[in-house]
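Geometric and topological summary
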Amino acid sequence: MPVYKRNPQGNIVKDNDSGCWFYDFVIEGRRYKKALKGIRTRKQAERIEEKKRFAVYSGDDPNNLGKTPFKQFVDETYLPYQKLRIRAYDIYEQVCRSACAFFKNRTLREIENDPNLIERFMHHRLNGATRFGSTRKAATVNRDMAVLSGIFTLAVRRKYCKYNPCRSVDRLPVTDSRRTAVLTPEDEVRLIEALSGDKEKYRPIVILGLNTGMRRSEIINLRWEWIDLDKRELTLPGSITKNKKDRTILLNQEALNVLLQLRMARPNDKRVFPATKRSGFSTTSVTSIIAKTCDQIGLPDVTMHATRRTFNTRLIEQNINP
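A short tour of the structure in this document, coming up.

What counts and how
Residues numbered from 1 in each chain as written. Predicted model: local features only at pLDDT ≥ 70, side-chain atom pairs only at ≥ 80, totals over all residues. Heavy atoms only, no water. Helix = DSSP H or I, 4+ residues; strand = E, 2+ residues; numbered from the N terminus. Rg over C-alpha atoms; globule rule 2.2 N^0.38 Å. Buried < 20%, exposed > 50% of the residue type's maximum accessible area, 1.4 Å probe, protein only. Contact = heavy atoms within 4.5 Å. Pairing = 2+ DSSP bridges. Phe/Tyr/Trp six-rings, centres within 6.5 Å; stacked < 30°, edge-to-face > 60°. Salt bridge = Lys/Arg side-chain N within 4 Å of Asp/Glu carboxyl O. Arc of directions from axis to C-beta. Axes fitted to C-alpha atoms, helices over the stretch in contact; angles between N-to-C directions. Parallel < 35°, antiparallel > 145°, perpendicular 65-115°, else oblique.

1. What to know about the overall build of the protein chain
When helices and strands are tallied, the protein chain shows 12 helices and 7 strands. The globule rule puts the C-alpha radius of gyration for 322 residues at 20 Å, and the 29 Å found for the protein chain is more than 25% above it. Taken along its principal axes, the extent of the C-alpha atoms in the protein chain is 95 × 40 × 35 Å. Going through the 322 residues of the protein chain one by one, you find that 39% of them count as buried. Residue pairs in contact within the protein chain that sit at least 24 positions apart in sequence constitute 57% of those at least 6 positions apart.

In structure tokens form, the structure reads like this:
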């Protein structure tokens, strides 16, 4: 019975008897029931019931906002949405997994109504150790918070909740500790020699960076179909470049030698650096290993990006526009 009238004693009565109208129905196992105070006729009650039922089916019911579990929204909506739009998807996915583990079974509404949970997540990321045993810097945690904020921004846009609680939490202060060094020829030799043993597989990445000026993500995602070893050039498609435009790069002898060696070692691979779980060629792994190696050999201001900066600096020194 979608609508009915009850008297003050709680008994269902006839339309003409005194009492209060109710709507009462079930959709997908959930019951929707409400007293319609001030409504006098069955027709009025049925109209309200019809609007309520339509709102539930269409997803516009404000009483449903935020009841979706955080993890369910991330898995079913946010990650599929981002996978089609960003290159550094693996980084987003790692942050999302950490957020899902932290918030456990909480719903979007529970988190939305308690910004302290957002604050606690931020400090959890700041004080927790990475998988490499190091601590996160404030700038890294702020980037994690940007991912979390993006989750709630999409949830608001898709009408899963009303408000982004990350807006109520200030980001951590960050000192300007960016690594800005340019490698000298001596530094270059030290770094390449330090990438030995288990780390030797990262040596070609550094050499390609120093001799082509490619970005870290461009090198990691490099495919053999983009490379013409006979013409000594490679063409990066717009799908992986920062400005979304194709870019052709001429290969000097050092870059060509590295690619020839890799091709002979793995003649059947489609990617220059295989993207398997055990390969160690994810963006995070490459960044961490090279930065740690630089710290160990006394180059604390050097990261993988320094190879691109070094390449461009040497072009400028030769009066060549990078």
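2. Here's the deal with the sheet that holds strand β5 (residues 227–228)
Spatial strand order, β5-β6-β7: 3 strands in an open sheet with antiparallel pairing. Of all strands in the sheet, those with a lone pairing partner are β5 and β7 (247–250), marking the two edges. Strand direction decides the pairing type here: strand β6 (residues 233–236) and β7, joined by 4 bridges, are antiparallel. In the sheet register, Leu-234 faces β7, and the bridge partner there is Ile-249.

3. Considering the packing of aromatic side chains
On inspection of all chains with the given rule, the structure shows 11 aromatic pairs. The interplanar angle of 75° and the centroid separation of 5.9 Å between the aromatic rings of Tyr-202 and Phe-281 together place this pair among those described as edge-to-face. Of this pair, Tyr-202 sits in the loop between α7 (185–194) and α8 (203–212) while Phe-281 sits in the loop between α10 (253–265) and α11 (283–296), and the two are 79 residues apart along the sequence. The two residues Tyr-202 and Phe-281 agree in class, both being buried. Ring-pair connections join several aromatic residues into one group, and the members of that group are Phe-70, Phe-102, Phe-103, Phe-121 and Phe-152.

4. Digging into the pattern of salt bridges
The full count for this structure, using the stated rule, is 13 salt bridges. Note that Arg-190 and Asp-187 form a salt bridge whose closest N and O atoms lie 3.6 Å from each other. Placement of the pair is Arg-190 and Asp-187 together in helix α7, with a separation of 3 residues, close to one helical turn. A relative accessible area of 36% places Arg-190 in the partly exposed class. With a shortest N-O distance of 2.7 Å, Arg-247 and Glu-218 are connected by a salt bridge. With a gap of 29 residues between them, Arg-247 in strand β7 and Glu-218 in helix α9 (residues 216–220) connect regions that are remote in the sequence.

5. So, the environment of Glu-50
Locating Glu-50 in the fold gives a position in helix α1 (residues 42–58). Expressed as a C-alpha distance, the spacing of Glu-50 and Pro-2, which sit 48 residues apart in the sequence, is 9.1 Å.

6. Observations concerning α7
Listing the buried residues of α7 in full gives Asp-187, Glu-188, Leu-191, Ile-192 and Ala-194. For α7, the buried positions fall inside an angular range of 160° around the axis, keeping them on one side. Residues of α7 that are exposed and point more than 90 degrees away from the buried face comprise Pro-185, Glu-186 and Glu-193. The inward-facing, buried residues of α7 contact α8, α11 and α12 (305–317).

7. Details of the packing of helix α2 (residues 70–83) against helix α6 (residues 138–157)
Look at α2 against α6: their axes get within 10 Å of each other, and the N-to-C directions meet at 90°. With respect to each other, α2 and α6 are oriented roughly perpendicular. Here Phe-70, Phe-73, Val-74, Thr-77, Tyr-78 and Tyr-81 of α2 lie close against α6, whose contacting residues are Val-147, Leu-148, Gly-150, Ile-151, Phe-152, Leu-154, Ala-155 and Arg-157.

In short, shape yes, function no, at least from these values alone.
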